[in-house]
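The primary structure of each chain is shown beneath.
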Amino acid sequence: MLRVLALAAGMLVLSAGPAFAQQKGAKPDLAKAQSIAGQVCAACHAGDGNSTAPANPKIAGQFPEYLNKQLADFKPLPGKKAARENPIMAGMVANLSDADMKSLAAYYAGQKLKPAAAADKDLAALGQKLWRGGNAASGVPACAGCHGPAGAGIPGQYPRLAGQYAEYVAGQLKSFRDSARSNDPNGMMRGVAARMSEREIRAVAEYAAGLR
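Quantities reported herein were computed from a predicted structural model and do not represent experimental measurements.

Time to look at the packing of aromatic side chains. On inspection of all chains with the given rule, the structure shows 2 aromatic pairs. Judged by centre distance (5.2 Å) and plane angle (65°), the rings of Tyr107 and Tyr108 are edge-to-face. The exposure classification of Tyr107 matches that of Tyr108, with both residues buried.

So this is what it looks like as structure tokens:
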């Protein structure tokens, strides 16, 4: 249900898209990726992908297909807007080649996640109900249907959300709800988030942070 990311974050029914598939034959340059991570990405995501700022997603251990798609989506195509508009990330990816983005995705995917934690028990309890069963009255589907009971996601299809910052997850859901983020295939996440109340968004995000 949630498709964050981070680059977080997430949350985030996002397919890997063709960009990663087209590069499968090329081997990621992890040494170069580590260098880029240290020089370009570390300020927001830390060198190992475990961001210390809740506004920035933890990307350590995320699926490489998902990370590569997000990086590619931040980069506008000639004559077109970026699929995922973000002025900061647009600047970060501006000078990255397709090979660089694939290598960065593989590098961060190989790092060990240091998960966040749930801080509000009441919100987390409500989030658990939504995660497992959704809200039939408002048409909100169970998050577990796409992201798994434990938030592990499905490689190449739906990102891992377990252990992601609650603040980041909630922020992405609100962006989907308001159509400020629209790189979800077929508008699925926008449709889901539009049916969620403010408290439900916060609750699901809180629960996701505590999943392991």
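For the rest of this paragraph, the subject is the nonpolar core. One finds Trp131, Leu173, Met196, Ile201, Val204, Ala205 and Leu211 to be the most contacted residues of the largest nonpolar core, which totals 24 residues. Counting residues per element, the ones that place at least two in this core are helix 6 (121-133), helix 8 (166-177), helix 9 (188-194) and helix 10 (198-210). Top element by residues in this core is helix 10. It accounts for 7 residues.

On to the packing of helix 8 against helix 10. Axis separation between helix 8 and helix 10 bottoms out at 8 Å; the angle between their running directions is 140°. Taken together, the axes of helix 8 and helix 10 lie oblique to each other. Helix-helix and strand crossings are classified by hand; for helix 8 and helix 10 the assignment is right-handed. Contacts between helix 8 and helix 10 involve Ala166, Val169, Ala170, Leu173, Lys174 and Arg177 from the first element and Glu198, Ile201, Ala205, Glu206 and Ala209 from the second. Class assignment for the residues of the contact of helix 8 with helix 10 results in 7 nonpolar, no polar and 4 charged.

Moving on, we come to helix 10. With 13 residues, helix 10 extends 19 Å from end C-alpha to end C-alpha; this agrees with the ideal 18 Å at 1.5 Å per step. Within helix 10 the residues assigned to the buried category are Glu200, Ile201, Ala203, Val204, Ala205, Glu206, Tyr207, Ala208 and Ala209. Against the buried residues of helix 10 lie helix 6 and helix 8.

Now for the environment of Arg202. Here Arg202 is to be found in helix 10. The spatial distance from the C-alpha of Arg202 to the C-alpha of Gly127 is 7.9 Å, given a sequence separation of 75 residues.

What follows covers the state of the cysteines. On inspection of all chains with the given rule, the structure shows 0 disulfides. Among the cysteines around Cys146, which has no disulfide bond, Cys143 carries the closest sulfur, lying 8.9 Å off.

On to the packing of helix 6 against helix 10, then. Packing of helix 6 against helix 10 brings their axes to within 7 Å, and their N-to-C directions diverge by 90°. Taken together, the axes of helix 6 and helix 10 are roughly perpendicular relative to one another. Mapping the contact onto sequence places Leu123, Ala124, Leu126, Gly127, Gln128, Leu130, Trp131 and Arg132 in helix 6 and Arg199, Glu200, Arg202, Ala203, Val204, Glu206, Tyr207 and Ala208 in helix 10. Classifying every residue of the contact of helix 6 with helix 10 by side-chain character gives 9 nonpolar, 2 polar and 5 charged.

Conventions adopted
- Residues numbered from 1 in each chain as written.
- Predicted model: local features only at pLDDT ≥ 70, side-chain atom pairs only at ≥ 80, totals over all residues.
- Heavy atoms only, no water.
- Phe/Tyr/Trp six-rings, centres within 6.5 Å; stacked < 30°, edge-to-face > 60°.
- Buried < 20%, exposed > 50% of the residue type's maximum accessible area, 1.4 Å probe, protein only.
- Core = buried A, V, L, I, M, F, W, Y, C linked by side-chain atoms within 4.5 Å.
- Helix = DSSP H or I, 4+ residues; strand = E, 2+ residues; numbered from the N terminus.
- Axes fitted to C-alpha atoms, helices over the stretch in contact; angles between N-to-C directions.
- Parallel < 35°, antiparallel > 145°, perpendicular 65-115°, else oblique.
- Left-handed = near helix turned anticlockwise from the far one by under 90°.
- Contact = heavy atoms within 4.5 Å.
- Nonpolar A, V, L, I, M, F, W, Y, C, P; charged D, E, K, R; others polar.
- Expected span 1.5 Å × (residues − 1).
- Disulfide = S-S within 2.5 Å.

Any functional reading would require information that these geometric values do not contain.
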